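Residue-level structure breakdown
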Amino acid sequence: MKINIITIVDNINFGSILQAYALCHKIDELGYKVEIIDYWRPGSTTIAQVKGIIKNERRSIVNRTIYAFSAIMLVPWIKFNLRSFLRRRFKFTRRYDSVSELRRATPDGDIFLTGSDQVWNCSYNGGVDEAFFLDFTENPKLSYASSMGTDVFPPTDEARIVGLLRKYVNLSLREAESCGYIESLGLPRPVHCIDPTLLLDKEEWMSQVPENKTVKHPFLLVYSVEGELNDFIFMQAKNIARSKGLKIYALTASDPFKLKKYGCDGIFSFANCETFLQLMYHASFIVASSFHGTAFAINFGKEFVTITPDRFNVRMRDLMTKLNLQDRIVDKGDNFHIDDLKTIDYKIVNNAVTQWREASINYLESILKSI
């Protein structure tokens with residue numbers, strides 16, 4: 001049987017690409033054909049991003065012009081650089097730029113599955129994106145570890161979303177809190193599943209990356225997708241690195257210009273997914289402001305702290321609560337000191353992850369076999 005997966009693969013984010021890979025890999029291992037629906041959200045195109053830069057009146061006209069020109073030149077290449085990790089390993093459909101295109105020319109497949117990441121986050125996706133609710137096919141619809149990203153759906157969209165979700169054969173979500181909320185809407189309680197990146201252990205991940213230890217000395221790695229928090233993030237990183245005698249390296253899929261002012265020992269810019277995995281694997285300590293940065297720190301058994309964003313942070317807290325790592329959460333303004341933290345007991349954490357991983361794989365296998 002052929003499984004068509006729709007998830008977020010159109011943005012500049014290591015985690016989005018790697019979670020898509022992990023889910024495809026696991027379904028492929030279970031013996032199914034996999035194809036990724038190459039869906040691009042209307043707001044994710046280069047043209048839309050350039051328009052957003054031009055309309056941003058907080059920047060000067062000169063600044064907007066420079067950034068707009070840079071986006072035109074760099075964004076397509078950066079996305080190609082990231083997506084190549086996925087494209088080399090799994091088949092994509094033709095490109096779709098709207099749900100109406102998907103309705104007119106629906107890709108061929110036996111089962112359609114909404115994958116993980118913030119696919120059901122109406123704020124993040126610019127409203128209710130019906131493509132992620134599979135509202136373009138009558139074939140069996142499943143979800144795996146889909147995320148709302150927020151506590152509740154917008155009240156004005158709630159009834160519409162409930163109608164869309166009723167058409168699914170099975171529902172599973174990434175956050176436990178969201179499962180209870182969905183049930184409160186009169187739907188069957190979804191299953192709480194592990195994020196796809198944690199479906200694979202660290203040996204499985206590193207088997208995909210040629211060994212190339214880029215840095216020879218111990219280092220602290222900063223990975224942030226929350227630019228507005230970077231002043232606070234790098235202040236914490238410097239304090240921790242000083243305490244532990246580590247170099248500081250920053251990682252970004254984009255350009256390095258906004259990070260240069262923090263005086264890092266090195267910046268890995270325009271990085272691909274392989275570089276992300278190598279640096280995560282070899283870091284002595286990780287400071288992350290990213291859900292998937294946190295997930296990989298845990299999966300690779302690293303000492304870390306997570307700086308939570310001001311919004312969409314339910315996913316961070318859910319993961320940390322599940323694994324009893326709440327003390328590793330640092331909020332902006334916290335009076336935090338690294339010496340206050342106890343070393344993570346990864347024997348306990350790994351046992352919890354393994355049990356959750358096995359349960360999630362069993363669930364995934366069962367829902368596919370049920371069709």
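Residues numbered from 1 in each chain as written. Predicted model: local features only at pLDDT ≥ 70, side-chain atom pairs only at ≥ 80, totals over all residues. Heavy atoms only, no water.

1. Regarding the overall build of the protein chain
- On a plain count of helices and strands, the protein chain comes out with twelve helices and 13 strands.
- Scaling as 2.2 N^0.38, a compact globule of 371 residues should have a C-alpha radius of gyration of about 21 Å, and the protein chain matches this with 20 Å.
- Summarising its shape, the C-alpha atoms of the protein chain cover approximately 55 × 55 × 40 Å along the three principal directions.
- Partitioning the intrachain contacts of the protein chain with sequence separation of at least 6 by distance along the chain shows that 73% fall at a separation of at least 24.
- Carbon and sulfur atoms form 50% of the exposed surface of the protein chain, whose accessible area is close to 16000 Å².
- Distance between charge centroids for the protein chain: 5 Å, based on 46 positive and 43 negative side chains. (Helix = DSSP H or I, 4+ residues; strand = E, 2+ residues; numbered from the N terminus. Rg over C-alpha atoms; globule rule 2.2 N^0.38 Å. Contact = heavy atoms within 4.5 Å. Areas by Shrake-Rupley, 256 points an atom, 1.4 Å probe, with all protein chains shown as cover. Lys, Arg positive; Asp, Glu negative; His and termini not counted. Charge placed at Lys NZ, Arg CZ, Asp CG, Glu CD.)

2. Focus on the nonpolar core
- One finds Phe14, Ile27, Tyr144, Leu277 and Ile298 to be the most contacted residues of the largest nonpolar core, which totals 73 residues.
- Listed in part, the 31 residues of the second largest apolar core include Phe153, Val162, Cys179 and Leu185. (Core = buried A, V, L, I, M, F, W, Y, C linked by side-chain atoms within 4.5 Å. Buried < 20%, exposed > 50% of the residue type's maximum accessible area, 1.4 Å probe, protein only.)

3. Describing the pairing of strand S4 (residues 111-114)
- The alternating pattern of S4 places Ile111 and Leu113 and Phe112 and Thr114 on opposite faces, both of which are buried.
- As judged from the four bridges shared by strand S1 (residues 2-6) and S4, these two strands associate in the parallel manner. Looking at the pairing, Asn4 lines up with Phe112 of S4.
- Examined bridge by bridge, S4 and strand S5 (residues 141-143) share three bridges and lie parallel to one another. Residue pairing across strands places Leu113 opposite Leu142, the latter belonging to S5. (Pairing = 2+ DSSP bridges.)

4. Section: a nonpolar patch on the surface
- Nonpolar side chains collect at one region of the surface, where Met1, Val169 and Ile371 lie side by side and expose about 240 Å² of accessible area between them.
- Structurally, Ile371 is set in the segment after helix H12 (346-369). (Patch = residues over 30% accessible without salt bridge, like charges linked within 9 Å, V, L, I, M, F, W, Y side chains within 5 Å. Salt bridge = Lys/Arg side-chain N within 4 Å of Asp/Glu carboxyl O.)

5. Here's the deal with the sheet that holds strand S9 (residues 247-251)
- Strand order in this open sheet of six strands is S10-S9-S8-S11-S12-S13, and the pairing throughout is parallel. The strands lining the two open edges of the sheet, one partner per strand, are strand S10 (266-268) and strand S13 (329-330).
- Packing of helix H9 (residues 273-282) onto the sheet brings it into contact with strand S8 (219-224), S9, S10 and strand S11 (285-289), and relative to S8 it is tilted by some 135 degrees.
- Where helix H10 (residues 291-299) meets the sheet, it contacts S8, S11 and strand S12 (303-307), and its direction lies at approximately 165 degrees from that of S12. (Axes fitted to C-alpha atoms, helices over the stretch in contact; angles between N-to-C directions.)

6. Some remarks on the packing of aromatic side chains
- All told, the structure shown has 19 aromatic pairs when counted by the stated rule.
- Between Trp77 and Phe270, the aromatic rings sit 5.9 Å apart at their centres with planes inclined by 70 degrees, giving edge-to-face as the arrangement. Within this pair, whereas Trp77 is found in helix H3 (residues 61-87), its partner Phe270 is found in the loop between S10 and H9, the two being separated by 193 residues in sequence.
- Accessibility expressed as a relative area gives 42% for Trp77, which makes it partly exposed.
- For Phe270, a relative accessible area of 26% puts it in the partly exposed group. (Phe/Tyr/Trp six-rings, centres within 6.5 Å; stacked < 30°, edge-to-face > 60°.)

7. A look at the pattern of salt bridges
- Evaluation of the coordinates by the stated rule reveals 21 salt bridges.
- Residues participating in the shared-partner salt-bridge network are Arg103, Glu130, Asp135, Arg160 and Lys167.

8. Topic: empty space enclosed by the protein
- One pass over the full model with this rule turns up one cavity of 30 Å³ or more.
- Counted as a void, the largest cavity has a volume near 30 Å³.
- Taken together, Arg174, Glu175, Ile194, Asp195, Leu198, Phe291, Arg315, Asp318, Leu319 and Trp356 make up the lining of the largest cavity.
- Sorting elements by how many residues they give to the lining of the largest cavity places helix H11 (residues 314-322) first, with three residues.
- For the lining of the largest cavity, the class distribution of residues is five nonpolar, no polar and five charged. (1 Å grid on protein atoms, 1.4 Å probe; cavity = no way out; pocket = protein on both sides within 12 Å on 5 of 7 lines; lining within 4 Å. Points joined across faces, edges and corners; volume = space filled by probe spheres on them. Nonpolar A, V, L, I, M, F, W, Y, C, P; charged D, E, K, R; others polar.)

9. With respect to the packing of H10 against H11
- In the contact formed by H10 and H11, the axes pass within 10 Å of each other and the chain directions differ by 15 degrees. Compared by their axis directions, H10 and H11 come out roughly parallel. In the packing of H10 onto H11, the handedness of the crossing is right-handed. Of H11, the residues touching H10 (which contributes Phe291, Thr294, Ala295 and Ile298) are Arg315, Met316, Leu319 and Met320. (Parallel < 35°, antiparallel > 145°, perpendicular 65-115°, else oblique. Left-handed = near helix turned anticlockwise from the far one by under 90°.)

10. What about the side chain of Gln236?
- Mapped onto the elements, Gln236 comes out in helix H8 (residues 230-244).
- Overall, the relative accessible area of 5% leaves Gln236 in the buried class.
- Residues in contact with Gln236, not counting those within four places in the same chain, are Ile307 and Phe336.

11. Quick look at the sheet that holds strand S3 (residues 91-96)
- One open sheet holds the five strands; their spatial order is S3-S2-S1-S4-S5, and the pairing between them is parallel. The open sheet has two edge strands, S3 and S5, and neither has a second partner. Ignoring strand direction, the axes of neighbouring strands in this sheet form an average angle of 30 degrees.
- As paired strands, strand S2 (residues 33-39) and S3 are joined by four bridges and run parallel to one another. Counted as the bridge partner of Glu35 is Lys91 from S3.

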